[in-house]
Amino acid sequence: MTQMWAALVAVAGLWTLVTAHKIELGRCKSLPEVRNFDPDKFAGVWYVVESMLASSSCMVLVFNRTENGFTVQDSRELLIAKTIGLDHVWRSTGTVAVSSNHSAKMTMDMPWTPRFLTTYLTVVDTDYTQFAVLYECTTMLLVRRYTVRILGRQPTLDDALIDQWKAKLKEMEINPSSFNKINHNNCNRKGQADFDINVSDSTIGFSESNNGTFGDSELDYSAFGGSGAENITSDVTEANNELDNEI
């Protein structure tokens with residue numbers, strides 16, 4: 001029963017991420033990118049303050065530096081799961097590759113990104129200490145699938161800054177009307193939720209609360225479409241520890 005719940009929450013999370021993107025005709029837009037991008041300064045915990053078509057709360061991105069870029073963990077609580085009373089935290093882990101010239105336009109590989117296409121992640125702007133604006137996009141034949149997120153080092157940002165960036169995005173022909181504010185109130189910390197789901201390329205790892213103790217388990221779904229990439233549990237643990245130290 002536990003594995004069934006873990007699988008259902010994992011699938012719901014992947015569906016939530018797939019549908020939290022806009023699809024429009026044409027190739028990915030070439031948005032401006034922050035100059036002299038510094039991956040070391042960008043690393044760390046970022047709270048998603050606003051995001052396109054979001055149907056999750058407590059959204060946090062943790063970027064951990066690697067030789068080729070970052071591992072990135074996406075942590076959130078799914079509104080569809082909370083609606084039915086399922087206490088959980090849903091996490092997925094992937095990689096972001098930084099080019100040799102440290103361009104802020106990077107390639108991203110997450111469990112929800114199509115393996116046969118290239119997904120780009122562009123840091124449109126950031127001051128590294130307060131805010132960042134991310135543009136994620138994949139060109140699929142005649143259409144683009146994309147989302148934009150406004151991030152903060154804290155769960156909230158000044159409304160004037162958010163409005164300023166929405167105005168800039170509108171000038172870039174990105175419609176800000178589909179942005180949703182992300183609720184960061186009453187979020188579960190690691191170990192507090194009944195279910196802690198970790199999704200990588202080919203595995204679903206989870207912990208279940210049972211009278212104050214936790215049992216770890218893992219499901220292999222590579223036969224159902226996973227790429228077979230190695231499970232990066234150590235990166236998940238590192239990201240969890242860093243997030244726990246921040247909040």
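Below is a summary of the structure that appears in this document. These numbers come from a predicted model, not from an experiment.

The buried fraction of strand 11 (residues 195–199) amounts to four of the five residues, a majority that puts the element mostly inside the structure. Bridge count for strand 5 (residues 88–97) against strand 11 is five bridges, and the pairing is parallel. The residue bridging Trp90 from the neighbouring strand is Ile197, located in strand 11.

This model, assessed by the stated rule, comprises eight aromatic pairs. Note on Phe131 and Trp165: the rings are 6.4 Å apart at their centroids and 45° apart in plane angle, and the pair reads as tilted. Of this pair, Phe131 sits in strand 8 (residues 131–140) while Trp165 is found in helix 4 (residues 159–171), placing the two residues 34 residues apart along the sequence. A residue is classified by how much of its surface remains accessible, and Phe131, at 10% relative accessible area, is buried. Members of the aromatic cluster, joined through ring pairs, are Phe37, Phe42, Trp46, Phe63, Phe70 and Tyr128. Its guanidinium or amino end placed over the ring of Tyr128, Lys41 lies 5.9 Å from that ring's centre, counting from NZ or CZ.

Time to look at the nonpolar core. Phe37, Phe42 and Phe63 are the most contacted members of the largest nonpolar core, which totals 24 residues. Elements represented by at least two residues in this core include exactly strand 2 (44–52), strand 3 (56–65), strand 4 (69–78), strand 6 (105–109), strand 7 (119–126) and strand 8. No other element matches strand 3, which puts three residues into this core. Every residue in contact with Phe37, bar those within four places of it in the chain, is listed here: Phe42, Phe70, His102, Ser103, Ala104, Met106, Val123 and Tyr128. Counting 19 residues, the second-largest nonpolar core is a separate cluster that includes Leu31, Val49, Val124 and Leu169.

Attention now goes to the state of the cysteines. According to the stated counting rule, one finds two disulfides in the structure shown. The disulfide partner of Cys28 is Cys137, and the S-S distance across this bridge is 2.1 Å. Handedness of the Cys28-Cys137 disulfide follows from its S-S torsion of about -95°: it is left-handed. Taken together, the positions of Cys28 in the loop between strand 1 (22–25) and helix 2 (39–42) and Cys137 in strand 8 put the pair 109 residues apart, joining distant regions of the chain. The class for Cys28 is partly exposed, based on a relative accessible area of 23%. Across the disulfide from Cys58 sits Cys187; the S-S distance is 2.1 Å. Negative torsions about the S-S bond denote left-handed disulfides, and the value of about -95° found for Cys58 with Cys187 makes this one left-handed. Of the two residues, Cys58 is situated in strand 3 and Cys187 in the loop between strand 10 (179–181) and strand 11; the sequence distance between them amounts to 129 residues. We classify Cys187 as partly exposed; its relative accessible area is 27%. For the chain, the bonded cysteines pair up as 1-3, 2-4 when numbered in the order they occur along the sequence.

To continue, consider the pattern of salt bridges. Taken as a whole and judged by the stated rule, the model has six salt bridges. Across the pair Lys166 and Glu50 runs a salt bridge whose closest N-O atoms are separated by 2.9 Å. In this pair, Lys166 sits in helix 4 while Glu50 sits in strand 2, placing the two residues 116 residues apart along the sequence. Glu50 shares its class with Lys166; the two are buried. Here Asp74 ties to Arg76 by a salt bridge, and the two come within 2.9 Å at their closest N and O atoms. Judged by relative accessible area, Asp74 falls into the buried class, the value being 2%.

At 3.6 residues per turn, the α-helix brings residues three or four places apart onto the same side. Helix length check: helix 4 (13 residues) gives 19 Å between terminal C-alpha atoms against 18 Å at 1.5 Å per residue, within 8%. Turning to helix 4, the residues buried within the fold contact strand 2, strand 7, strand 8, strand 9 (143–152) and strand 10. The N-capping residue of helix 4, defined by a side-chain oxygen 3.0 Å from the backbone nitrogen of Ala160, is Asp158. A positive phi of about 65° marks Glu173, the residue just after helix 4.

What counts, and at which threshold
Residues numbered from 1 in each chain as written. Predicted model: local features only at pLDDT ≥ 70, side-chain atom pairs only at ≥ 80, totals over all residues. Heavy atoms only, no water. Buried < 20%, exposed > 50% of the residue type's maximum accessible area, 1.4 Å probe, protein only. Helix = DSSP H or I, 4+ residues; strand = E, 2+ residues; numbered from the N terminus. Pairing = 2+ DSSP bridges. Phe/Tyr/Trp six-rings, centres within 6.5 Å; stacked < 30°, edge-to-face > 60°. Lys NZ or Arg CZ within 6 Å of the ring centre and 35° of its normal. Core = buried A, V, L, I, M, F, W, Y, C linked by side-chain atoms within 4.5 Å. Contact = heavy atoms within 4.5 Å. Disulfide = S-S within 2.5 Å. Salt bridge = Lys/Arg side-chain N within 4 Å of Asp/Glu carboxyl O. Expected span 1.5 Å × (residues − 1). Polar contact = N/O pair within 3.5 Å; in protein donor to acceptor, adjacent residues only side chain to side chain.

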